[in-house]
Amino acid sequence: EQALNLDPRKAEAYLGIAMGKAKAHSRDKFVKKIDTLGFKPDKAFARALQFAQGELRDWLGNLAARQKRACDKLKDIHEKMRAASVMISACGSWNGTNAVGLKSDGTVVAVGKNDYGECNVEGWMDIVAVSASRNHTVGLKSDGTVVAVGWNAFNQCDIRGWRGIVAISAGSSHTVGLKSDGKVLAVGNNEYNQCDVRGWRDIVTVSAGDDHTVGLKLDGTVVAVGRNDDGQCNVEDWTDIVAVSAGNDHTVGLKSDGTVVATKYTGKKSYYHGQCEVQDWTDIMAVSAGIDHTAGLKSDGTVVAVGRNDDGQCNVDKWTDIM
């Protein structure tokens, strides 16, 4: 500020103000803040770019371009998520099943178990995505607000104050919402810290499992919180991930090359049904983790599945033209 009192066109002083707001004490730290959308160029940054000369102007111009590319990438991901968000959400559990479908006119239909009113969606309108858990159903509206019905013992349906949401996911007793700025909200049962997501940043998609929550970051890495006695939160070494799905006691991730990774199951052997055996899958476009099984959609429209199959949930060999 003192430098600007002497020279109101001092680019370095404006840059210093911008770096201070970003809490970046070096150029490298400032670049990282820009790349991860941890700082959005403001008036001080704009003035620095306006008055800079030579190398500094080139560097600042490159930063501005990088920030725009990062924003465009995030926007593109969110738009693709909306376009490819779950149009139909089915939940099978030990105490019943229900299925929820999103219609092209933004209304929702539901069938199956309705012990807690989880299928009472007939009044919903302007919905762009749905997610069904065992006992509650969540819908994302086009204006970024969220609606929910069903079991609410842990306040997992208390989402009326949510705004700016671009993706949703319903866990067994908690609900997770992704905001347009890459931050995450969660309500409901927090016995295993599955709702401790307020510190997450740069998230592009979320998935709520039985008692854990998974988030995919802009850089292709993954974060997870919640119950981990079966190894479902051991995702810290994953890279180059483009989609994630949290199941009951496992988590799967789709890599950019079409292969799939899954957490290594560390629970009781008697509870393991091979739901993590996806290492040989290739050419995959989408993945979904169920209670004890995993399904993958291939680029040719066929489907692969592994895991528990006592109800025929993995009998997908003859499926074709799936989109």
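**Structural notes on the overall build of the chain**
Helices and strands together make up the secondary structure of the chain, namely five helices and 18 strands. Taking the principal axes of its C-alpha atoms as reference, the chain extends roughly 75 × 45 × 40 Å. Taken over 323 residues, the chain has a buried fraction of 47%. Sequence separation of 24 or more characterises 39% of the internal contacts of the chain that already satisfy a separation of 6 or more. Accessible surface, the chain: about 16,300 Å² in total, of which carbon and sulfur atoms supply 49%. The distance from the centre of the 38 positive side-chain charges to the centre of the 41 negative ones in the chain is 8 Å.

**Section: the pairing of strand β12 (residues 222-226)**
Relative to β12, strand β11 (residues 212-217) is paired through five bridges, and the arrangement is antiparallel. Its bridge partner lying in β12, Gly-215 is registered against Val-223. Remark: four residues form the turn of the hairpin made by β11 and β12, two consecutive strands paired antiparallel; Gly-220 in that turn has positive phi of roughly 90°.

**As for the nonpolar core**
Counting residues in each nonpolar core, the largest one holds 22 residues, and the members touching the most others are Leu-15, Phe-30, Trp-59 and Leu-60. Those elements giving two or more residues to this core turn out to be α2 (11-22), α3 (27-35), α4 (43-51) and α5 (54-84). Per-element accounting of this core gives the leading share, seven residues, to α2. The contacts of Trp-59, once residues within four sequence positions are left out, are Leu-15, Arg-27, Phe-30 and Val-31. Among the nonpolar cores identified, the runner-up in size contains 13 residues, and Ala-167, Val-176, Val-184 and Val-225 belong to it.

**With respect to the sheet that holds strand β4 (residues 127-132)**
Here we have three strands laid out as an open sheet, ordered β4-β5-β6, and antiparallel in their pairing. Only two strands of the sheet have a single partner each, and these edge strands are β4 and β6 (146-150). Averaged over all pairs of adjacent strands, the angle between strand axes in this sheet comes to 15°, irrespective of strand direction. The pairing of strand β5 (residues 136-141) with β6 spans five bridges and is antiparallel.

**Side note on the state of the cysteines**
A full pass over the atoms with the stated rule returns zero disulfides. Lacking any disulfide linkage, Cys-195 is separated from the closest cysteine sulfur, that of Cys-233, by 12 Å.

**A word on α2**
Compared with the 16 Å implied by 1.5 Å per residue over 12 residues, the 17 Å span of α2 between its first and last C-alpha is a close match. One or two steps after α2, the chain reaches Lys-23, where phi turns positive at roughly 55°.

**Here's the deal with the packing of α2 against α3**
Between α2 and α3, the shortest axis-to-axis distance is 10 Å and the interhelical angle comes to 65°. In terms of crossing hand, the pair formed by α2 and α3 is left-handed. Packed against α2, whose contacting residues are Leu-15, Ala-18, Met-19 and Ala-22, the element α3 presents Arg-27, Phe-30 and Lys-33 at the interface. Classifying every residue of the contact of α2 with α3 by side-chain character gives five nonpolar, no polar and two charged.

**Focus: the pattern of salt bridges**
A complete count under the given rule lists 10 salt bridges for this structure. Here Asp-42 and Lys-21 are joined by a salt bridge, their closest N and O atoms 3.1 Å apart. One end of the pair, Asp-42, is in the loop between α3 and α4; the other, Lys-21, is in helix α2, with 21 residues separating them in the sequence. Among the ionic pairs, Arg-227 bridges to Asp-211, the shortest N-O distance being 3.3 Å.

What counts as what
- Every chain begins its residue count from 1, and numbering advances along the sequence as written.
- Only residues with pLDDT of at least 70 are given local features in this predicted model, and only at 80 or more are side-chain atom pairs given and counted; all residues enter the totals for whole chains, interfaces and linings.
- Hydrogens and waters are ignored; side-chain quantities use all the structure's heavy atoms.
- Each helix corresponds to a stretch of at least 4 residues labelled H or I by DSSP, and each strand to a stretch of at least 2 residues labelled E; elements are numbered beginning at the N terminus.
- Throughout this description, buried means an accessible area under 20% of the type-specific maximum (1.4 Å probe, protein chains only), exposed means over 50%, and partly exposed covers the range between.
- Should any heavy atoms of two residues lie within 4.5 Å, those residues are considered in contact.
- A 1.4 Å probe and the Shrake-Rupley method give the accessible areas. Residues count as covered only by the protein chains that appear here.
- Only four residue types enter the tally: Lys and Arg on the positive side, Asp and Glu on the negative side, with His and both chain ends excluded.
- Charged side chains are reduced to one point each, which is NZ for Lys, CZ for Arg, CG for Asp and CD for Glu.
- Whether two strands pair comes down to DSSP finding at least two bridges between them.
- Only buried residues count toward a nonpolar core, which is a set of Ala, Val, Leu, Ile, Met, Phe, Trp, Tyr and Cys residues joined through side-chain atoms within 4.5 Å.
- Axis angles are defined between N-to-C directions and span 0 to 180 degrees, where every axis is a line fitted to C-alpha atoms and, for a helix, only to the segment in contact.
- Note that a disulfide, as used here, is simply two cysteine sulfur atoms within 2.5 Å.
- Between the first and last residue of a helix there are one fewer steps than residues, each counted as 1.5 Å, and that sum is the expected span.
- Each crossing gets its hand from how the near helix is turned against the far one by less than a right angle, where anticlockwise is left-handed and clockwise is right-handed.
- All residues other than Ala, Val, Leu, Ile, Met, Phe, Trp, Tyr, Cys, Pro, Asp, Glu, Lys and Arg, Gly among them, are scored as polar; the first ten of these are nonpolar and the last four charged.
- A pair is scored as a salt bridge if a Lys or Arg side-chain nitrogen falls within 4 Å of a carboxyl oxygen belonging to Asp or Glu.

Note that every value here comes from positions in space, so none of it alone points to a role or purpose.
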